[in-house]
Amino acid sequence: MTASVLCERDGAAVRTTPNRRRRAVRGTLGIVAFLAIYEAFARSGMFSTAITPPLETIAAAFVSSLAGGYIFLQAGATLLRVAIGMTFALIIAVPLGMLMGRHRLAERALAPLVSILMPIPSLAWVPLIVLWFGIGNTATILVVVYAAAFPLLFNVWTGVRTVNQVWVRAAVVMGASRACVFRQVILPAALPYVITGVRLAFGRAWIAVIGGELLASPETGLGKVIFDANEYLNADVMLSALVVIGMIGLFFERMVFNRLERVTVERWGMTAKSGR
Amino acid sequence: MMRRALRMRDRAVGVVAPAVLIVACALAWEAVARYGNFPPKLVPDLPTIAGAFLRLLESGTLAAATGATLARLGAGFALAAAFGVSVGVLMGRYPFVEDTLLPIVSFLYPIPGIAYAPLFVMWFGLGDLPSILLVGVSASFTIIINAWKGVRAVRPIWLRSAHMMGANERTIFTKVILPAALPYVLTGLRLGLASAWRILVAVEMLMSVQQGLGWLIFGSQQFLNTDVMLATIAVIGAIGMLLEKQLFERIERYTLVRWGMMTA
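Residues numbered from 1 in each chain as written. Chains lettered and ligands numbered in written order. Predicted model: local features only at pLDDT ≥ 70, side-chain atom pairs only at ≥ 80, totals over all residues. Heavy atoms only, no water.

In terms of regular secondary structure, chain B is built from 10 helices and zero strands. Over its C-alpha trace chain B gives a radius of gyration of 24 Å, far above what one expects of a compact globule, namely 18 Å for 264 residues. Each principal axis of the C-alpha atoms in chain B carries an extent, and together these give about 75 × 70 × 30 Å. Accessible surface for chain B amounts to roughly 12900 Å². Of this, 69% is attributable to carbon and sulfur atoms. Charge centroids of chain B, computed over 22 positive and 13 negative side chains, lie 12 Å from each other. (Helix = DSSP H or I, 4+ residues; strand = E, 2+ residues; numbered from the N terminus. Rg over C-alpha atoms; globule rule 2.2 N^0.38 Å. Areas by Shrake-Rupley, 256 points an atom, 1.4 Å probe, with all protein chains shown as cover. Lys, Arg positive; Asp, Glu negative; His and termini not counted. Charge placed at Lys NZ, Arg CZ, Asp CG, Glu CD.)

This next bit is on the pattern of salt bridges. Per the counting criterion, the structure on display carries 15 salt bridges over all chains. Of the charged contacts, one joins Arg43(A) and Glu56(A) as a salt bridge, the two residues approaching to 3.0 Å between their closest N and O atoms. With Arg43(A) in helix H2 (residues 20–43) and Glu56(A) in helix H3 (residues 55–66), this residue pair connects regions lying 13 residues apart in the sequence. Among the residues examined, Glu56(A) registers a relative accessible area of 57% and is labelled exposed. Taking the shortest distance from any N to any O, the salt bridge between Glu30(B) and Arg34(B) comes out at 3.0 Å. Taken as a pair, Glu30(B) and Arg34(B) lie in helix H1 (residues 2–35) at a separation of four residues, close to a single helical turn. Given the relative accessible area of 14%, Glu30(B) is considered buried. According to the relative accessible area criterion, Arg34(B) is partly exposed, its value standing at 46%. Within this structure, Arg23(A), Arg26(A), Glu98(B), Asp99(B) and Arg152(B) form a network of salt bridges that share partners. (Salt bridge = Lys/Arg side-chain N within 4 Å of Asp/Glu carboxyl O. Buried < 20%, exposed > 50% of the residue type's maximum accessible area, 1.4 Å probe, protein only.)

What follows deals with helix H8 (residues 165–173) of chain A. Here H8(A) starts with a cap whose side-chain oxygen sits 3.1 Å from the backbone nitrogen of Val166(A), and that cap is Asn164(A). One or two residues past the end of H8(A) sits Gly175(A), with phi positive at roughly 90 degrees. (Polar contact = N/O pair within 3.5 Å; in protein donor to acceptor, adjacent residues only side chain to side chain.)

Our next topic: the packing of helix H8 (residues 169–207) of chain B against helix H9 (residues 213–222) of chain B. Residues and elements named next belong to chain B. Following both chains from N to C, one finds H8 and H9 inclined at 45 degrees, their axes separated by 7 Å at the closest point. Taken together, H8 and H9 sit at an angle that is classed as oblique. As for how H8 packs across H9, the hand of that crossing is right-handed. Packed against H8, whose contacting residues are Trp197, Val201, Glu204 and Met205, the element H9 presents Leu213, Gly214, Trp215, Ile217 and Phe218 at the interface. Its residues placed into classes, the contact of H8 with H9 shows seven nonpolar, one polar and one charged. (Axes fitted to C-alpha atoms, helices over the stretch in contact; angles between N-to-C directions. Parallel < 35°, antiparallel > 145°, perpendicular 65-115°, else oblique. Left-handed = near helix turned anticlockwise from the far one by under 90°. Contact = heavy atoms within 4.5 Å. Nonpolar A, V, L, I, M, F, W, Y, C, P; charged D, E, K, R; others polar.)

Moving on, we get to the packing of helix H6 (residues 126–133) of chain A against H9(B). Viewed as axis vectors pointing N to C, H6(A) and H9(B) meet at an angle of 20 degrees, and their least axial separation amounts to 9 Å. It follows from the interaxial angle that H6(A) and H9(B) lie roughly parallel. Contacts between H6(A) and H9(B) involve Pro127(A), Val130(A) and Leu131(A) on the former and, on the latter, Ile217(B), Phe218(B) and Gln221(B). For the contact of H6(A) with H9(B), the residue count by class is five nonpolar, one polar and no charged.

On to the domain arrangement of chain A. Residue and element names in this part refer to chain A. Partitioning chain A into structural domains gives domain 1 (17–46) and domain 2 (54–266). Computed from C-alpha coordinates alone, the two centres of domain 1 and domain 2 are separated by 32 Å. A buried area of about 410 Å², summed over both sides, lies between domain 1 and domain 2, and 65% of it is on carbon and sulfur atoms. By the criterion of area lost to domain 2, the three top residues of domain 1 are Tyr38, Glu39 and Arg43, representing 76% of everything that side buries. Between the two partners, domain 1 and domain 2, sit one salt bridge. At the surface where domain 1 touches domain 2, the tally comes to two residue pairs in polar contact (both at pLDDT 80 or more). (Domains from an automatic or database assignment. Buried area = accessible area lost by both parts, 1.4 Å probe.)

With that settled, consider helix H10 (residues 222–231) of chain A. Regarding H10(A), the residues found buried are Leu222(A), Gly223(A), Lys224(A), Val225(A), Ile226(A) and Ala229(A). Leu233(A) sits one or two positions beyond H10(A) and adopts a positive phi of about 55 degrees.

What follows is about the interface of chain A and chain B. Contact residues are listed per partner, giving 68 residues for chain A and 69 residues for chain B. Linking chain A to chain B there are three salt bridges. Across the chain A-chain B interface, the total number found is six residue pairs in polar contact (both at pLDDT 80 or more). Within the residue set of the side of chain A that touches chain B, elements represented by two or more residues are helix H1 (2–6), H2, helix H5 (104–117), H6, helix H9 (178–215), H10 and helix H11 (235–266) of chain A.

This brings us to unusual backbone geometry. When glycine is set aside, most residues are seen to have a negative phi, and most peptide bonds are trans. Residue Leu233(A) is not a glycine yet carries a positive backbone phi of 55 degrees. Mapped onto the secondary structure, Leu233(A) falls in the loop between H10 and H11. A relative accessible area of 46% places Leu233(A) in the partly exposed class. Residues other than glycine seldom take positive phi values, yet Leu224(B) does so here, at roughly 55 degrees. Relative to the helices and strands, Leu224(B) is located in the loop between H9 and helix H10 (226–259). On the basis of relative accessible area, Leu224(B) is assigned to the partly exposed category, the value being 34%.

Here the focus is the confidence of the model for chain B. When pLDDT is averaged along chain B, the result is 86, and 95% of the positions lie at 70 or above. Mean pLDDT across the secondary structure elements of chain B bottoms out at H1(B), with 79, and peaks at helix H3 (residues 61–93) of chain B, with 93. (pLDDT = per-residue confidence, 0-100.)

We now examine the environment of Asn234(A). Locating Asn234(A) in the fold gives a position in the loop between H10 and H11. Under the relative-accessibility criterion, Asn234(A) is labelled partly exposed at 31%. Remark: the alpha-carbon pair of Asn234(A) and Ile51(A), spanning 183 residues in sequence, is separated by 7.3 Å. Not counting residues up to four positions away in its chain, the partners in contact with Asn234(A) are Ala229(A) and Met122(B).

Residue and element names in this part refer to chain B. Once the domains are mapped, chain B shows domain 1 (1–37) and domain 2 (46–259). Between the C-alpha centres of domain 1 and domain 2 the distance comes to 35 Å. Each partner contributes to the interface: domain 1 provides four residues, whereas domain 2 provides four residues. For the pair domain 1 and domain 2, the two sides together bury roughly 290 Å², of which 69% comes from carbon and sulfur. It is Ala26, Trp29 and Glu30 in domain 1 that bury the most area against domain 2; as a group they hold 89% of the surface buried on that side. Joining domain 1 to domain 2, the criterion identifies one residue pair in polar contact (both at pLDDT 80 or more). Grouping the amino acids of the side of domain 1 that touches domain 2 by side-chain chemistry returns two nonpolar, no polar and two charged.

This is the structure we're talking about:
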């Protein structure tokens, strides 16, 4: 994270902006080439078509998973788990991060604990959580909470800590109360970091929920679709579920978080400085 | 005098406060384990966990598992680094490559690597090969994206002046682009290593490898060896911390700071 902060340069204007049509044509070309290579590989007979199905079989699996809204139900179950897990993570991590950013004692006391727990991959806890809470929904959601809480905590903490002290002092001099300083100065100033934290937390939660669904076997979910398809050697179902997972991830990255950043951070004239 | 006393008090607080909290957490765990009315098999007390750790250490199981996991991590990460940096640099240097690959990369990037696990089992069977490939795949996208951004962020004026002074394409690449893009590339490698580490433990659970820390946790679940699981989780955390803190901070100090690309 440190490196990317320090090398923000005038890199954007390196080239004259290539015209969009050429870009689109080349992009399509790339995708077509990628698919063609896969198709050739699938039909080459190197592997049986049961495990490397050709594109039309995958498409057919996708279409049949649309029937009755099956895939939407599964995706909905996965997203609901992410939403619940993220909510809990927000409730836990945001106040703690703010406390750590504002009070030295809290920071001193909690930082070692955080640095012990943070590097443990959330999925390492799955077998233990399954023993404690049984397989299913609770276990999967707990894994999501663990995965999402630390990026949030870390970014909120950093954001609150790095608020420009001059702003705080200026507000105090102008007679702002503690609550007012917090609401009017610290919160907006820390917001870019908070939003980066939410974005990172979603990325982690998205990995954790799929991993949790594979390992903790709840009854529904995209990870479960893949896991079940594995039992019956349905590679076509697996690949179509992967495409759905990719589309949802891309949708959140592009449509939700980019837009969120644009309407909040950029409008207020503060750009987030910590990258992925 | 006053200031020094304050600083010493500060330092004392810095040691005491976390120690108090960690001891409090340990005591809370111990209290729950002993008096919490949970089966001790599921919530072992701290001496039991420490005993399991020592037992694993003595029998060599832990060393073997750690070695196997780190070897897998090294192989997967090396694969991801080689592939990711080359693709990323090509994308940053040649607009044609960038335009062609960017849609594919940005579609594949948000798919969690772990989701490919069952597919890789089908294609490559169980064991080491699919685990290494999967770790490689899931770590490479962050590396690609960062290397690409790094090359794109090289100041055009440096390129132009090197060109003016008669540097050929190769000199420009090795003397200008690579050093200038290095901070981004290293950031990408660090993030890639971190994501490889996070995914590897889970991959080992799904791939039923012969040995490994993830497998140790997963295998212990069958026998309700919660103490072994917790001891292994602690080891995993410690290794993760070392990888993040020691390895990359050191590399950054030796390269970037020394070359003046970044202040320590």
